[in-house]
Amino acid sequence: NFAVEKKLDPRFTFYRRGTASYVDKKGIVRYASNNQPRFDHHPTTGVSLGFLVEKQQSNYQPYSVDMDAGADYKNAVTVVNNAAISPDGTKNASKIIGSDNQSTSQRLGWGTQGVNSSTHTQWSIWVKSEETSCIVQVYSNTYTIGASYMNIELADGTTQGTTPNSTFRFNIKEYPNKWWRISWGGVGNAGGNSGGMYLAVVPTMNSGRAANTGSAHSKVWFAWGLQEEVSSTAQYSTSYIPTYGSTATRGVDITLIDGEEFSEFYNPIESTIL
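Conventions we followed
Residues numbered from 1 in each chain as written. Predicted model: local features only at pLDDT ≥ 70, side-chain atom pairs only at ≥ 80, totals over all residues. Heavy atoms only, no water. Patch = residues over 30% accessible without salt bridge, like charges linked within 9 Å, V, L, I, M, F, W, Y side chains within 5 Å. Areas by Shrake-Rupley, 256 points an atom, 1.4 Å probe, with all protein chains shown as cover. Salt bridge = Lys/Arg side-chain N within 4 Å of Asp/Glu carboxyl O. Helix = DSSP H or I, 4+ residues; strand = E, 2+ residues; numbered from the N terminus. Buried < 20%, exposed > 50% of the residue type's maximum accessible area, 1.4 Å probe, protein only. Pairing = 2+ DSSP bridges. Axes fitted to C-alpha atoms, helices over the stretch in contact; angles between N-to-C directions. 1 Å grid on protein atoms, 1.4 Å probe; cavity = no way out; pocket = protein on both sides within 12 Å on 5 of 7 lines; lining within 4 Å. Points joined across faces, edges and corners; volume = space filled by probe spheres on them. Nonpolar A, V, L, I, M, F, W, Y, C, P; charged D, E, K, R; others polar. Polar contact = N/O pair within 3.5 Å; in protein donor to acceptor, adjacent residues only side chain to side chain. Phe/Tyr/Trp six-rings, centres within 6.5 Å; stacked < 30°, edge-to-face > 60°. Contact = heavy atoms within 4.5 Å.

Participant: Explain a nonpolar patch on the surface to me, and be specific about the residues and the numbers.
Facilitator: Together, Tyr15, Val252, Ile254 and Leu256 line one region of the surface with nonpolar side chains, adding up to about 300 Å² of accessible area. By secondary structure assignment, the location of Val252 is in the loop between strand 19 (248–250) and strand 20 (254–257). For Val252, a relative accessible area of 34% puts it in the partly exposed group.

Below is the structure:
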């Protein structure tokens with residue numbers, strides 16, 4: 001019983017290349033070392049979710065923590081690194097301070113991978129704000145996820161924007177200390193071109209795509225854990241893959257049952273179970 005025991009029976013053999021993350025019972029993002037199995041938890045209730053097994057995946061954004069170095073576009077904002085306690089319990093979250101310019105979009109932006117119409121792109125990031133109200137918007141310059149967008153009120157996690165469909169997906173999950181992990185993605189374009197992905201402050205929940213910041217100028221918010229994944233099949237964000245200057249890959253989780261005591265119902269040659 002993986003959820004209760006939170007350990008692997010010694011008759012299982014487990015492999016994974018490299019570090020991988022999971023959430024502990026206090027909702028903190030933790031890191032498992034090479035070949036160490038992970039036992040995940042719900043970030044706010046602490047309920048044990050059992051044994052976490054994932055396929056190989058890469059984070060293509062080279063700076064998941066350093067928002068100053070990582071953002072290809074910083075428009076009308078000041079970024080201060082290591083300014084707040086992040087979801088992994090260390091003081092490495094970035095503080096984003098908007099300017100007093102109301103006639104522009106105050107945002108961070110990142111270059112994307114080339115993604116064609118049969119391939120999925122999936123982005124995720126943790127964000128929070130201490131403001132009474134701070135609404136952020138995710139959108140692209142239409143090379144990926146088309147004209148879809150989503151507005152998120154960081155005070156309570158409410159959302160408004162494009163209805164998720166076959167070409168656009170969105171998810172939000174609450175974490176301790178006012179953090180939200182938002183994830184979004186969709187299909188690319190016919191030519192497989194790269195583009196830009198943006199996270200901006202907007203004035204209202206019904207603000208349209210790429211709206212100017214307007215009356216929401218000078219807002220202060222925090223960001224951590226940026227991730228860009230690409231897959232021909234996956235349509236959801238996987239566990240956090242930290243990066244520090246280059247793309248990083250989390251190896252596939254491989255669990256084997258290869259003991260003699262399982263021979264009555266398990267065929268090790270065919271990898272089948274009766």
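Participant: Residue-level account of the pattern of salt bridges, with values.
Facilitator: Throughout the structure, instances matching the rule amount to nine salt bridges. A salt bridge links Lys178 to Glu130, with the shortest nitrogen-to-oxygen separation between them at 2.9 Å. Taken together, the residues Lys178 in the loop between strand 15 (168–174) and strand 16 (180–187) and Glu130 in the loop between strand 11 (120–128) and strand 12 (135–140) connect sequence positions 48 residues apart. Bridged by salt links that share partners, the residues Arg16, Arg38, Glu54, Arg250 and Asp253 form one connected network.

Participant: Lay out the sheet that holds strand 8 (residues 77–84) in plain terms, naming residues and giving numbers.
Facilitator: Spatial ordering of the open sheet is given by 8-9-18-11-16-15, a layout of six strands whose pairing is antiparallel. The open sheet is flanked by strand 8 and strand 15, the only strands paired with a single partner. Neighbour to neighbour, the strand axes of the sheet diverge by 30° on average, direction disregarded.

Participant: Outline the layout of surface pockets, listing residues and values.
Facilitator: There is about 420 Å³ of room inside the largest pocket. Lining the largest pocket are 25 residues, and of these Lys173, Tyr175, Arg181, Ser237 and Thr238 lie nearest its centre. Counting only elements with at least two residues in the lining of the largest pocket, the list comes to strand 2 (20–23), strand 4 (38–41), strand 5 (48–52), strand 11, strand 15 and strand 16. Looking at the lining of the largest pocket residue by residue, the class counts come to 11 nonpolar, nine polar and five charged.

Participant: Help me get a handle on the side chain of Gln106, residues and values and all.
Facilitator: Residue placement: Gln106 occurs in the loop between strand 9 (93–98) and strand 10 (107–111). We classify Gln106 as buried; its relative accessible area is 1%. Of the polar contacts made by the side chain of Gln106, one reaches the backbone oxygen of Ser99; its length is 2.9 Å.

Participant: Pulling in residues and values, what's your account of the packing of aromatic side chains?
Facilitator: In total, this model carries 13 aromatic pairs according to the counting rule given. Centre to centre, the rings of Trp110 and Trp123 are 6.4 Å apart; their planes meet at 40°, and the pair counts as tilted. Here the residue Trp110 occupies a position in strand 10, and Trp123 occupies one in strand 11, the gap between them amounting to 13 residues. Overall, the relative accessible area of 0% leaves Trp110 in the buried class. Between Trp123 and Trp184, the aromatic rings sit 6.4 Å apart at their centres with planes inclined by 20°, giving stacked as the arrangement. Of the two residues, Trp123 is situated in strand 11 and Trp184 in strand 16; the sequence distance between them amounts to 61 residues.

Participant: Residue-level account of the environment of Leu154, with values.
Facilitator: By secondary structure assignment, the location of Leu154 is in the loop between strand 13 (149–153) and strand 14 (159–161). Those residues in contact with Leu154 that sit more than four places away from it in its chain are Val127, Lys128, Ser129, Cys134, Val136, Trp180 and Trp221.

Participant: Mind laying out the pairing of strand 4, listing which residues take part and the relevant values?
Facilitator: Across a regular strand the side chains alternate sides, sitting on one face of the sheet and then on the other. Burial along strand 4 is two-sided: the residues Arg38 and Asp40 and Phe39 and His41 are all buried. Summarising the sheet, strand 4 and strand 5 pair through four bridges and their orientation is antiparallel. Paired with His41 across the bridge in strand 5 is Ser48.

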